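Descriptive analysis of the structure
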Amino acid sequence: MKRKRTEPYTRLTQPMVRDGGQLRPASWEEALDRAAEGFRRNVGAHGPDAFGMLSCARATNEMNYVAQKFARVVIGTNNVDSCNRTCHAPSVAGLAAAFDSGGGTSSYEEVENTDVIVMWGSNAREAHPIFFQHVLKGVHNGAKLFVVDPRRTVSAAWGDRWLPLRVGTDIPLASAVAREIIHSGLANRAFIEKATERYEAFAAAVEPWTLEAAEKETGVPVDLIRELAHAYATADRAQLVWTLGITEHHVGTENVMALINLALLTGHVGRYGSGLSPMRGQNNVQGGGDMGAIPNRLPGFQDIKSADVRQKFEQAWGVSIRPEYGLTLTQMCEAMDNGQLKTIYAIGENPMQSEPDTIHMFKRLSNLDHFVVQDIFLTKTAQLADVVLPAAASWCETDGTFVNSERRVQRVRKAIEPPQGARDDIDIMCEIARRLDRDWNYQSSEQVWDEVRSLAPVLAGISYPRLEELGGIQWPCYTEDTLEPPYLHSRLWEDDPDKRGRLAPFQVTPHRPPADELSADFPIRLTTGRRLDSYNTGVQSGGFASPLRYSECIDVSPEDAVELGVEEEELVRISSRRASIVAPIRIDTGLRAGLAFMSYHDPDLVDTNALTIEATCPIAGTAEYKATAICVEKLTLDERAEHQAAFDVGIVLTANAR
Ligand SMILES: Nc1nc2c(c(=O)[nH]1)N[C@H]1C(S)=C(S)[C@@H](COP(=O)(O)OP(=O)(O)OC[C@H]3O[C@@H](n4cnc5c(=O)[nH]c(N)nc54)[C@H](O)[C@@H]3O)O[C@H]1N2
Ligand SMILES: Nc1nc2c(c(=O)[nH]1)N[C@H]1C(S)=C(S)[C@@H](COP(=O)(O)OP(=O)(O)OC[C@H]3O[C@@H](n4cnc5c(=O)[nH]c(N)nc54)[C@H](O)[C@@H]3O)O[C@H]1N2
Ligand SMILES: [Mo]
């Protein structure tokens, strides 16, 4: 019988502190004192910007609100961020540049009631299975589904059309779609004139991307590009859905902008059934950002640069708020490298395994003067900490709210008791705050939420009793007796120019191929992502036997397997310009020659992120996880024998169980 090899992580129930280089058990008093004392020492010696907070996109809004308040009030810095940086920060940046708001514009219901659905760089069947049910309902109701993905994923298998582009060629493809729409006279001239600006510059920039030029660069046949362009432009209603195939590139924000341009060109935004949906990753990564656990916004997506906004929060919180944006997670990494950032408080984040270039990340985290980790498991990140605080706020152990990808605020309720010894995330932060001279005490999650909505106009109308009554409410919701439409930006269609507000600008998005270039030494393009049976760094899903898969593996095309002379399950060496690792082969007919795929769900056994490159999008800070140059080599018999023990329980999965 094959079984999963990785041992499950056990829940943390005992605080720990580092002494003489080793973590040892400690009482809560000692651990909290040590945590607070280290922050006081570092901030005293180097100022508040020597501190960085990582907040948890899996935890509640209430927890995220308190975390960003801790950074801004207790410490006095805007250095607060989360895994949104590794994920959809380009979506937020791109949408905000176009519409002043970073939220997805549509609701799930509209995907069921639309004519064309384009899923661009998104494998929702595996990564967003609930949302994918809405997509399938849309298809059932007659919508045509296009999937744009280098791999023939299970999502692509459901599509009417699959556009198999080369990794990192989304801008040429989107540009050719735009050019074809313009040249066929299908652009929505009335909408462009009424609601947008910079059309001329955009139209000139896409002009070189003929269908033939795009086919050459992207590998997608001319006919398929033309068909997508005509279907999207002539549809009454159309939904553009994207996820990490678009954002996790060093041109992530430009990729997002290239898709937004298509909606502006055709008027597929601001109306029922037409919109732009970046499906967010973690259960509450939307909420984390909405709560201000990002370096440039205060709760309710309010810009820190606005003096009026700051004044409101300063009055409520009784401190002055710095007007400069804080450091993103990416910038915190740079600040650790150059010694400016000395101390980190990481709540429910596992950067040792989720950030690119693990070896570099290890050096950074090991060099911190004071590192506090608050998690529900003893992760690889926690093992590097000076203080480990066992949290008890996982989603079924606490009361609070989450926000999903359609901006819907929903209640979560405590269903089970947390393990003995662990403490609630918010209580832990209040304990540390009290040790740093802030008399913090929250009695309930509702008390926190009421504070949030008193400060964030877009959430003001969403009370706990109203959530109880309605079951979930989308923001914006300004008063307790109103609801807004399920989609955003209907103002763009207003005839009255005053009500229409700011025009939505087209953006020029030049093509820049992936940073990690293919070469004779590194001839294969590795893209990384998700599999249905596991979750992110595997901490929360790792220990559970999956009927689908037994360890991490590298998926290669049948052609490459022949070329390499390797068989299914055979161990191979995979090298990038940063590291070499060993993993078993899996042959995937959904891949073309020269393209490989891995997930990063099993880093104890196969550390995928040792391979990935730190090249990041300069606008949003997101790393290019989707494009690494690698080579794959057969192992010698001796090497195979040496590594086989680690993989002795095999890997293979059932057919189609990608
Ligand atoms: N089962 C499961 N579900 C999850 C997660 C999980 O770990 N496991 N994680 C959650 C999180 S945090 C997130 S952010 C979401 C992510 O959800 P998705 O973004 O859907 O997942 P990924 O597999 O990372 O990437 C999506 C697709 O991008 C494609 N791709 C790669 N390179 C390119 C490119 O250059 N262009 C285009 N167009 N496509 C490309 C890949 O082939 C892949 O199929 O999933 C969430 N849901
Ligand atoms: N190669 C590669 N790397 C990637 C990606 C990729 O596509 N390819 N995707 C990136 C993306 S999109 C993301 S979102 C990141 C994810 O990166 P991370 O957020 O670092 O990874 P997770 O595994 O989601 O880790 C979450 C941690 O939160 C803890 N936790 C869960 N609930 C709670 C709680 O209520 N309280 C507390 N205190 N802790 C809690 C868990 O125990 C776990 O240790 O990975 C990124 N890394
Ligand atoms: Mo994510």
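Think of each chain on its own: its residues are numbered from 1, step by step along the sequence as written. As they are written, the chains are lettered A onward and the ligands numbered 1 onward, keeping that order. pLDDT decides what is reported in this predicted model: residues at 70 or higher carry local features, side-chain atom pairs at 80 or more are listed and counted, and totals for whole chains, interfaces and linings draw on all residues regardless. Excluding hydrogens and water, the side-chain values take into account all heavy atoms of the structure.

**Digging into the domain arrangement of the protein chain**
Splitting the protein chain by domain gives domain 1 (22–85 + 283–395 + 422–456), domain 2 (89–279) and domain 3 (524–657). Relative placement of domain 1 and domain 2: their C-alpha centres are 35 Å apart. The domain boundaries here were taken from an automatic or database domain assignment.

**Here we look at the environment of Leu-455**
Along the chain, the position of Leu-455 falls in helix H21 (residues 445–455). Distance in space between the C-alpha atoms of Leu-455 and Ile-585 is 53 Å, their sequence separation being 130 residues. The contact definition used throughout considers only heavy atoms, calling two residues in contact when any of these lie within 4.5 Å. Beyond its immediate sequence surroundings of up to four residues, Leu-455 is in contact with Tyr-65, Gln-302, Lys-312, Phe-313, Ala-316 and Trp-317. To qualify as a helix, a DSSP run of H or I must reach at least 4 residues; to qualify as a strand, a run of E must reach at least 2; elements of each kind are numbered from the N terminus.

**Things to note about the packing of aromatic side chains**
Within 6.5 Å between ring centres, the rings of Phe, Tyr and Trp (the latter by its six-membered ring) count as paired, and their orientation is classed by plane angle as stacked under 30 degrees, edge-to-face over 60, tilted in between. Scanning all chains against the criterion turns up 13 aromatic pairs. Ring geometry for Phe-70 against Trp-440: centres 6.5 Å apart, planes inclined by 80 degrees, an arrangement best described as edge-to-face. You can see Phe-70 sitting in helix H2 (residues 61–75) and its partner Trp-440 sitting in the loop between helix H20 (425–435) and H21, a full 370 residues away along the chain. This pair shows no difference in class: Phe-70 is buried, exactly as Trp-440 is. Taken together, the ring pairs in this structure connect Phe-39, Phe-51, Phe-70, Tyr-345 and Trp-440 into an aromatic cluster. The lysine or arginine in question, Arg-151, covers the ring of Phe-597, its NZ or CZ lying 3.6 Å from the ring centre. Exposed residues in this analysis have more than 50% of their type's maximum accessible area, buried residues have under 20%, and partly exposed residues fall in between, with area computed by a 1.4 Å probe over protein chains only. Over a ring means this: the NZ of a Lys or the CZ of an Arg is within 6 Å of the ring centre and within 35 degrees of the ring normal.

**Here's the deal with the site of ligand 1**
A single heavy atom is enough: if one lies within 4 Å of a molecule or strand, its residue is considered near that molecule or strand. In the vicinity of ligand 1, 33 residues are found, and the nearest of them are Ala-127, Asp-149, Thr-243, Arg-530 and Ser-534. One nitrogen or oxygen atom from the main chain of Gly-245 is found 3.3 Å from a nitrogen atom belonging to ligand 1. Between ligand 1 and the protein, one listed contact pairs a nitrogen atom with a backbone N or O atom of Ser-534 at 2.6 Å. Here the open area of atoms and residues is found with the Shrake-Rupley method and a 1.4 Å probe, where only the protein chains shown may cover a residue. In the complex, the protein chains occlude 97% of the 920 Å² of accessible area that ligand 1 would expose alone. Listed by contribution, the elements that provide at least two residues to the shell around ligand 1 are helix H5 (124–127), helix H13 (244–247) and strand E20 (524–529). Counted as a polar contact is a pair of N or O atoms within 3.5 Å, where, for protein atoms, one must be capable of donating a hydrogen and the other of accepting one, and residues adjacent in sequence contribute only when both atoms are in side chains.

**Describing the site of ligand 2**
Near ligand 2, the surroundings consist of 34 residues, among which Asn-350, Asp-375, Asp-425, Thr-537 and Asn-609 are the closest. Within the side chain of Arg-58, a nitrogen or oxygen atom sits 3.0 Å from an oxygen atom of ligand 2. Asn-609 places a polar side-chain atom, nitrogen or oxygen, 2.7 Å from a nitrogen atom of ligand 2. Protein contacts shield 99% of the accessible area of ligand 2, which totals 920 Å² for the unbound molecule. Those elements that provide at least two residues to the shell around ligand 2 are helix H18 (351–354) and strand E14 (370–375).

**Comments concerning the sheet that holds strand E16 (residues 400–403)**
Read across the open sheet, the three strands follow the order E16-E17-E18; overall the sheet is antiparallel. The open sheet has two edge strands, E16 and strand E18 (473–474), and neither has a second partner. Two strands are said to pair when DSSP picks up at least two bridges between them. When E16 meets strand E17 (residues 408–412), the two strands line up antiparallel, connected through four bridges. When the sheet's bridge partners are listed, Phe-402 is paired in E17 with Gln-410.

**Some details on unusual backbone geometry**
The residue after Trp-475, namely Pro-476, is reached through a cis peptide bond having omega 0 degrees. Mapped onto the fold, Pro-476 is located in the loop between E18 and helix H23 (497–500). If you check the backbone angles, Asp-357 has positive phi at about 60 degrees while not being a glycine. For Asp-357, the location among the structural elements is in the loop between H18 and helix H19 (358–366). Residue classification places Asp-357 among the buried positions, given a relative accessible area of 12%.

**Quick notes on the pairing of strand E5 (residues 116–120)**
Of all five residues that make up E5, five are buried, and the element is covered over most of its length. Residues Val-116, Val-118 and Trp-120 point to one face of E5 and Ile-117 and Met-119 to the other, with burial holding for every one of them. By the bridge criterion, five bridges tie E5 to strand E9 (residues 238–242) in an arrangement that is parallel. Residue pairing for E9: Met-119 is matched across the bridge by Val-241.

**A closer look at H19**
Residues Thr-358, Met-361, Arg-364 and Leu-365 constitute the buried set of H19. For H19, the arc enclosing every buried residue in end-on projection is 120 degrees, short of the 170-degree limit, so these residues lie on one face. Summarising the contacts, the buried residues of H19 are in contact with helix H17 (329–337), H18 and E14. What the arc measures is the spread of directions leading from the helix axis to the C-beta atoms.

**Quick word on the side chain of Asp-588**
Its location among the elements puts Asp-588 in the loop between strand E23 (580–587) and strand E24 (595–599). Reaching out from Asp-588, the side chain makes a polar contact with the backbone nitrogen of Gly-590 at a distance of 2.6 Å.

**Here's the deal with the pattern of salt bridges**
A carboxyl oxygen of Asp or Glu within 4 Å of a side-chain nitrogen of Lys or Arg is what we treat as a salt bridge. Evaluated as defined, the whole model comprises 43 salt bridges. Notably, a salt bridge pairs Arg-179 with Glu-207, separated by 3.2 Å at the nearest N-O pair. Note that Arg-179 is positioned in helix H8 (residues 170–183) and Glu-207 in the loop between helix H10 (199–206) and helix H11 (211–218), a separation of 28 residues in sequence. In this structure Glu-207 comes out as partly exposed when scored by relative accessible area, which is 34%. Among the ionic pairs, Arg-408 bridges to Glu-406, the shortest N-O distance being 2.8 Å. The class for Arg-408 is partly exposed, based on a relative accessible area of 23%. Take Glu-406: its relative accessible area is 5%, and that puts it in the buried class. When salt bridges with common partners are traced through the structure, they connect Glu-29, Asp-33, Arg-423, Glu-431, Arg-434 and Arg-435 into a single cluster.

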